[in-house]
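The lines below spell out each chain.
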Amino acid sequence: MVTGVPHHSALVQGLVNDHRQLLQTFGRLKHCAEAEDPGAFKHALVDFKALLVPHLLQEAIKLYTFLRQELKAQGNQQAYQMVNGYKTEMGGIGDAAVRFVETYTATADADIDFVGVRAALDDIGKLLGDRIRREEAELYPLYQSLH
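Residues numbered from 1 in each chain as written. Predicted model: local features only at pLDDT ≥ 70, side-chain atom pairs only at ≥ 80, totals over all residues. Heavy atoms only, no water.

Caption draft 1: Representation of the nonpolar core. Ranked by internal contacts, the top residues of the largest apolar core, which has 43 residues, are F41, L63, L67, F100 and V117. For this core, the secondary structure elements donating two or more residues are α1 (11–35), α2 (38–74), α3 (77–106) and α4 (114–145). Setting aside anything within four residues of it in sequence, one finds L67 in contact with V83, L139, L142, Y143 and L146. (Core = buried A, V, L, I, M, F, W, Y, C linked by side-chain atoms within 4.5 Å. Buried < 20%, exposed > 50% of the residue type's maximum accessible area, 1.4 Å probe, protein only. Helix = DSSP H or I, 4+ residues; strand = E, 2+ residues; numbered from the N terminus. Contact = heavy atoms within 4.5 Å.)

See below:
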């Protein structure tokens, strides 16, 4: 009987593919906000959330849980703490992104402040871009090295 979360050899490639789709959808979201098109913007919000939530869940379960269990078993406290930091940080980023999507999905079209939306998207974009780069440079190679 297998205990804990198993290693998935195709996980990293799937997560990298998710990142590319998320960035593409995020770009469409920004484009719709720049065009001040509420209908297209709301559609892009739904598409972004539909990609983001499953990605976050997959990372939480298959990536973070596996890394934490393996690093703990190895006694690698430094890497274990790094992974915990990533997990905590991602929780905050994910919560903020989902809150943004839900807020503007529920906002009446005429009440969308596209100036504020564009500023928020710039901030979210910087966070997501930085996070994706760091995950792909640090976490994903660590995951691959453990199997």
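Caption draft 2: Representation of the packing of α1 against α2 within the structure. Contact geometry of α1 with α2 gives a least axis separation of 9 Å together with a crossing angle of 155°. The orientation of α1 with respect to α2, classified from their angle, is roughly antiparallel. Judged by the twist between their axes, the crossing of α1 over α2 is left-handed. (Axes fitted to C-alpha atoms, helices over the stretch in contact; angles between N-to-C directions. Parallel < 35°, antiparallel > 145°, perpendicular 65-115°, else oblique. Left-handed = near helix turned anticlockwise from the far one by under 90°.)

Caption draft 3: Representation of unusual backbone geometry within the structure. One non-glycine residue with positive phi stands out, namely E36, at about 55°. By the element assignment, E36 lies in the loop between α1 and α2.

Caption draft 4: Main features of the side chain of T107. Position of T107 among the secondary structure elements: in the loop between α3 and α4. Residue classification places T107 among the buried positions, given a relative accessible area of 17%.

Caption draft 5: Representation of the packing of α2 against α3. Put simply, α2 and α3 touch, their axes get as near as 10 Å, and they point 165° apart. Taken together, α2 and α3 sit at an angle that is classed as roughly antiparallel. α3 is crossed by α2, and the crossing has left-handed handedness. When its residues are assigned to classes, the contact of α2 with α3 shows 19 nonpolar, three polar and seven charged. (Nonpolar A, V, L, I, M, F, W, Y, C, P; charged D, E, K, R; others polar.)

Caption draft 6: Looking closely at the packing of aromatic side chains. Scanning all chains against the criterion turns up five aromatic pairs. With centroids separated by 6.2 Å and ring planes inclined at 70°, the aromatic side chains of F41 and Y104 adopt a geometry described as edge-to-face. Of this pair, F41 sits in helix α2 while Y104 sits in helix α3; the two residues are 63 residues apart in sequence, bridging distant segments of the chain. Take F41 and Y104: they sit in the same class, and that class is buried. For the pair F66 and Y143, a centre-to-centre distance of 5.1 Å together with 65° between the ring planes defines the contact as edge-to-face. Separated by 77 residues along the polypeptide, F66 in helix α2 and Y143 in helix α4 bring together distant segments of the chain. In this structure Y143 comes out as buried when scored by relative accessible area, which is 1%. Here a set of aromatic residues connected by ring pairs shows up, and it is made of F41, F100, Y104 and F114. (Phe/Tyr/Trp six-rings, centres within 6.5 Å; stacked < 30°, edge-to-face > 60°.)

Caption draft 7: Structural view of the pattern of salt bridges. Considering all chains together, one arrives at ten salt bridges under this definition. D130 is paired through a salt bridge with R134; the nearest N and O atoms lie 2.9 Å apart. Taken together, the residues D130 and R134, both in helix α4 and four residues apart, mark about one turn of the helix. Here the residues in one salt-bridge network are E89, D130, R131, R134 and E135, joined through shared partners. (Salt bridge = Lys/Arg side-chain N within 4 Å of Asp/Glu carboxyl O.)

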